[in-house]
Amino acid sequence: MKNKLRIFTILVTVLILSVCSKAFAASGSLSVSPSSVTVGKQFYVKVDVDNAAAWNVHVRSEGPVTNCTLDRVGDTGDESNQHNDFGINCTATAVGTITIKLSGDVSQANEDHSISKAYLNATKTVQVSEETTPAPTPSGGGNNNNNNNNNNNNNNNNNNKQEEKKSNDCSLSALSIEGYNLVRVDDNKYTLEVKNDITSINVTAKANYYKANVEGAGVYELVEGENPITITVTAEDGTKNVINIVITRKEKEKEIIPIEPEKKEEPKKETKKKINITPKDYLIFGSLLLNVLLIVALVVLYLKHQKLLDSTKNMVVASSDFPFEYLSENEK
């Protein structure tokens, strides 16, 4: 009996733990109010995020509607899971069906410091009809007129009460830029300076009142210099609050190129070409030299011979110097 009781206790404990773990899983839901409106009237779209440490929520609409887009991205800043709700007032513009779609994901921080992610996918519809014209008041007895007057007064009072109930809270409960700390100048002006290599930032903003609408949050591309960003909070009664953020992206630092001293060109040294003389060259040169010397010797001999001839013609020779036969022949 004790063993059966112990087994039953263990099964109940496991069942409770599984139910509790499912009950506290991160989730997101979509709701619209009211689900049917007339042309020109507003309806409220609300997204509830439960047990989430981070969220990435997107609402898109299709059909005859304006101002019906919602983007919320953020986190709790630690591993705590909490409830968040985001909303927006949408206006029907024509007769038809408006489709509201929820997408994105929510993340849950577990006890073992791991992260569980749940993807959101929900759709709601709003029917838009033509605004009916009230029937004319029939003429007749005073009682009917009194009743109509009373009804009109009651309607006016109810409308006044509804208008009085609308909130004028257009403040923000959270305003941040992912990874940076904004510098507050006053309630409606903030500044931030980032390095040149930062090309984009993500602005998150949350309204203090759930029925207030926040516009201007999201990812922005940055250019060098000042980048103005405007966050507009519209309260339920239409009151607006404009917050200005100026993000200054520093200019790129100019590279300093060192100035190198001018290099003086050294005069080019004339390189003497080496003449390679082979034995064959020596033989050719020697033969040419011998020929030249031989010609010079011949010329010298010829000149001497001519000189000798010229000198003999001018010489006076005595008769005794010639042979006898020669003289007698001359005398003859």
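This text gives an overview of the structure that appears in the document. Values in this document were obtained by computation on a predicted structure and should not be read as measured data.

This paragraph deals with the pattern of salt bridges. All told, the structure shown has six salt bridges when counted by the stated rule. For Arg184, the salt bridge identified is with Asp187, shortest N-O distance 2.1 Å. Taken as a pair, Arg184 and Asp187 share a single burial class, namely exposed. Linking Glu236 and Lys211 is a salt bridge whose minimum nitrogen-to-oxygen distance equals 3.6 Å. Taken as a pair, Glu236 in the loop between strand E16 (225-234) and strand E17 (240-249) and Lys211 in the loop between strand E13 (200-207) and strand E14 (213-215) lie far apart in primary sequence, 25 residues in all. Exposure remark for Glu236: the relative accessible area of 17% places this residue in the buried category.

To continue, consider the pairing of strand E8 (residues 96-109). The buried fraction of E8 is high, at ten of 14 residues. Of the pairings in the sheet, the one linking E8 to strand E9 (residues 115-129) comprises 14 bridges and is antiparallel in character. By the bridge assignment, Gly96 is partnered in E9 with Val128. In sequence, E8 turns back onto E9 through a hairpin of five residues, with His113 there showing a positive phi of about 70°.

Moving on: the packing of aromatic side chains. Under the definition given, this model contains three aromatic pairs. Ring plane angle 40° and centroid distance 6.2 Å describe the contact between Trp55 and Phe86, whose orientation is recorded as tilted. Here Phe86 lies in strand E7 (residues 82-92) and Trp55 lies in strand E4 (residues 54-62), a separation of 31 residues in the sequence. Summarising the burial analysis for this pair, Trp55 and Phe86 share the class buried. With 5.0 Å between their ring centres and 55° between their planes, Tyr209 and Tyr210 make a pair best called tilted. We classify Tyr209 as partly exposed; its relative accessible area is 22%. Residue Tyr210 is classed as partly exposed on the basis of its relative accessible area, which comes to 33%. Grouping aromatic residues by their ring pairs yields a cluster made of Tyr44, Tyr209 and Tyr210. Positioned above the aromatic ring of Tyr210, the side-chain terminus of Lys46 is 5.1 Å from the ring centre.

So, how was this worked out
- Residues numbered from 1 in each chain as written.
- Predicted model: local features only at pLDDT ≥ 70, side-chain atom pairs only at ≥ 80, totals over all residues.
- Heavy atoms only, no water.
- Salt bridge = Lys/Arg side-chain N within 4 Å of Asp/Glu carboxyl O.
- Buried < 20%, exposed > 50% of the residue type's maximum accessible area, 1.4 Å probe, protein only.
- Helix = DSSP H or I, 4+ residues; strand = E, 2+ residues; numbered from the N terminus.
- Pairing = 2+ DSSP bridges.
- Phe/Tyr/Trp six-rings, centres within 6.5 Å; stacked < 30°, edge-to-face > 60°.
- Lys NZ or Arg CZ within 6 Å of the ring centre and 35° of its normal.

Keep in mind that these numbers describe shape and distance, not what the molecule does.
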